Amino acid sequence: MYKTRNLPNTRIDVADALRGIAVAGIILFHAVEHFDIFTKEPIAYTLPCDQMVGDVMAWLLSGKMYGIFAMLFGLSFYIMNDNQQQKGRSFSGRFAWRMCLLFCFGLINVAFYDGDILMLYAVYGLLLIPVSYLPSRVVWCIIALLAIQPVELFCLVTGVTIDHTTLFDIYHKTIALHEDGTFIDNAVNNLRYGFELNLRYNVYSGRLTQLLCLFILGMQLGRHRFFYDEGHHLRIWHRILTLSLLLVIVMSVLDFGGLTQWLTPIYNLFILMMIVSAVVSAWYAFSPVRRALQSLCFFGRMSLTNYLLQSIIGSFIFCGYGLAFYRLVGTTYAVLIGLAMVLVQYAFGRYWFRSHTRGPLEDLWRRLTWIGSNTVSDKK
């Protein structure tokens, strides 16, 4: 059984910067996808570069930003859990309650945006509780098993196929409502099908086991303090960057052929690790990069607030019950709209942190997490 090493868990600024990058990337790619409206209608304003811009954004952002979020979620769990272990307290029950609260935030979010991931993360997060008691060598084995995409590999070896008909049926109904339905129509449909839709999509895209892998990996990196500039950690990140970069280059020129369903999620995982290792390596190795990225730290510290805000703003901009931009702008213009959303939320964050130490929903989540706690030290 794992036991705390009783080492201080200080604030990890580079993790906050990564969260800021992740939430900004999520906003941009949701804008590219018109917040899940894949219309067959002709789009009014397009540019010749739309296809290229869409391909680049998909390669860099699709699945990777949510994956970074998942990894940092696991890291946050480790820090909170370890802090309580150092006080001789169990965090399991309190964390389970925290995941219930996150699920409730997800219910609010999914009413606006059908692609909500908070409810799924709340369910995945519960699995961290039993894994956190396991020794590190067992945890590394679990990570390795999940990283090889066991579901897709099983289907490839056995010839078993997963029927995704229900997924596409729900998607078609949901997109039609996004285009022509009222807000109430969309909210009711999203609340009814949102969780199922995202769970089925996770199975379809290979994210089911990969996100769980990244949750546990984040916890494990926290155990080994990899996000601190200690010992040989920076050298390890450099090696991860070199290896992941080489694998991305090699896999980029390969034709996956019949192995596409299995290899594509693994390819995306290598891109994700390349991004994370590049940011961590540059943060600790180059002070100008660190100073530049520090402006994203507060943006990452209010990632829950930013995530819900982008759902509300983005759905109003793109859905038919709002400005209906889904039929007006092509990919390039959509990216510019996403960038404008990032800048507006960034400006709000700067204003908010002038008089607050946490984002509004982050503070509410913390208060509700520790409701009934007797001492302030419990919350640290």
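Coordinates for the structure precede this section.
In this report, we go over the structure that sits alongside the text. The model shown is predicted, which means the values in this text are computed figures rather than measured ones.

Rules used throughout
Residues numbered from 1 in each chain as written. Predicted model: local features only at pLDDT ≥ 70, side-chain atom pairs only at ≥ 80, totals over all residues. Heavy atoms only, no water. Helix = DSSP H or I, 4+ residues; strand = E, 2+ residues; numbered from the N terminus. Rg over C-alpha atoms; globule rule 2.2 N^0.38 Å. Buried < 20%, exposed > 50% of the residue type's maximum accessible area, 1.4 Å probe, protein only. Contact = heavy atoms within 4.5 Å. Lys, Arg positive; Asp, Glu negative; His and termini not counted. Charge placed at Lys NZ, Arg CZ, Asp CG, Glu CD. Phe/Tyr/Trp six-rings, centres within 6.5 Å; stacked < 30°, edge-to-face > 60°. Expected span 1.5 Å × (residues − 1). Salt bridge = Lys/Arg side-chain N within 4 Å of Asp/Glu carboxyl O. Axes fitted to C-alpha atoms, helices over the stretch in contact; angles between N-to-C directions. Parallel < 35°, antiparallel > 145°, perpendicular 65-115°, else oblique. Left-handed = near helix turned anticlockwise from the far one by under 90°. Nonpolar A, V, L, I, M, F, W, Y, C, P; charged D, E, K, R; others polar.

1. Let's talk about the overall build of the protein
Thinking step 1. Counting its regular elements, the protein contains 18 helices and 0 strands.
Thinking step 2. Its C-alpha atoms give the protein a radius of gyration of 21 Å, near enough to 21 Å, the size a compact globule of 380 residues would have.
Thinking step 3. Along the first, second and third principal axes, the C-alpha atoms of the protein reach 60 × 50 × 45 Å.
Thinking step 4. Out of the 380 residues in the protein, the part that is buried amounts to 52%.
Thinking step 5. Taking the intrachain contacts of the protein between residues at least 6 apart in sequence as the baseline, contacts between residues at least 24 apart amount to 83%.
Thinking step 6. Separation of charge centres in the protein, based on 30 positive and 23 negative side chains, amounts to 15 Å.

2. Examining the packing of aromatic side chains
Thinking step 1. In this structure the tally under the stated criterion is 26 aromatic pairs.
Thinking step 2. Between the aromatic rings of Phe 73 and Phe 215, the centroid separation amounts to 4.8 Å while the plane-to-plane angle is 35°, which identifies the pairing as tilted. Taken together, the residues Phe 73 in helix α3 (residues 64-86) and Phe 215 in helix α11 (residues 207-223) connect sequence positions 142 residues apart. Each member of the pair Phe 73 and Phe 215 is classed as buried.
Thinking step 3. Aromatic side chains Phe 77 and Phe 91 sit 6.5 Å apart centroid to centroid with 40° between the ring planes, which places their arrangement in the tilted category.

3. Remarks on helix α16 (residues 303-318)
Thinking step 1. Here α16 spans 22 Å end to end across 16 residues, near enough to the 22 Å set by a 1.5 Å rise per residue.
Thinking step 2. The buried count for α16 comes to 12 of 16 residues, which makes it a mostly enclosed element.
Thinking step 3. For α16, the full list of buried residues reads Ser 303, Leu 304, Thr 305, Asn 306, Tyr 307, Leu 308, Gln 310, Ser 311, Gly 314, Ser 315, Ile 317 and Phe 318.

4. A look at the pattern of salt bridges
Thinking step 1. Within this structure, the stated rule accounts for 6 salt bridges.
Thinking step 2. Note that Asp 16 and Arg 301 form a salt bridge whose closest N and O atoms lie 3.6 Å from each other. Within this pair, whereas Asp 16 is found in helix α1 (residues 13-32), its partner Arg 301 is found in helix α15 (residues 297-301), the two being separated by 285 residues in sequence.
Thinking step 3. The exposure class of Arg 301 is partly exposed, given its relative accessible area of 28%.
Thinking step 4. The structure contains a network of salt bridges with shared partners spanning Arg 11, Asp 16, Arg 19 and Arg 301.

5. Overview of the packing of helix α4 (residues 92-112) against helix α10 (residues 183-205)
Thinking step 1. For the pair α4 and α10, interaxial distance at closest approach is 7 Å and the crossing angle is 135°. By the criterion of interaxial angle, the relationship of α4 to α10 is oblique. In this structure, the crossing between α4 and α10 has a hand that is right-handed. Residue-level inspection shows Phe 103, Leu 107, Val 110, Ala 111 and Phe 112 of α4 in contact with α10, the latter providing Phe 183, Asn 186, Ala 187, Asn 190, Leu 191, Gly 194 and Phe 195.
Thinking step 2. By residue class, the composition of the contact of α4 with α10 is 9 nonpolar, 3 polar and no charged.

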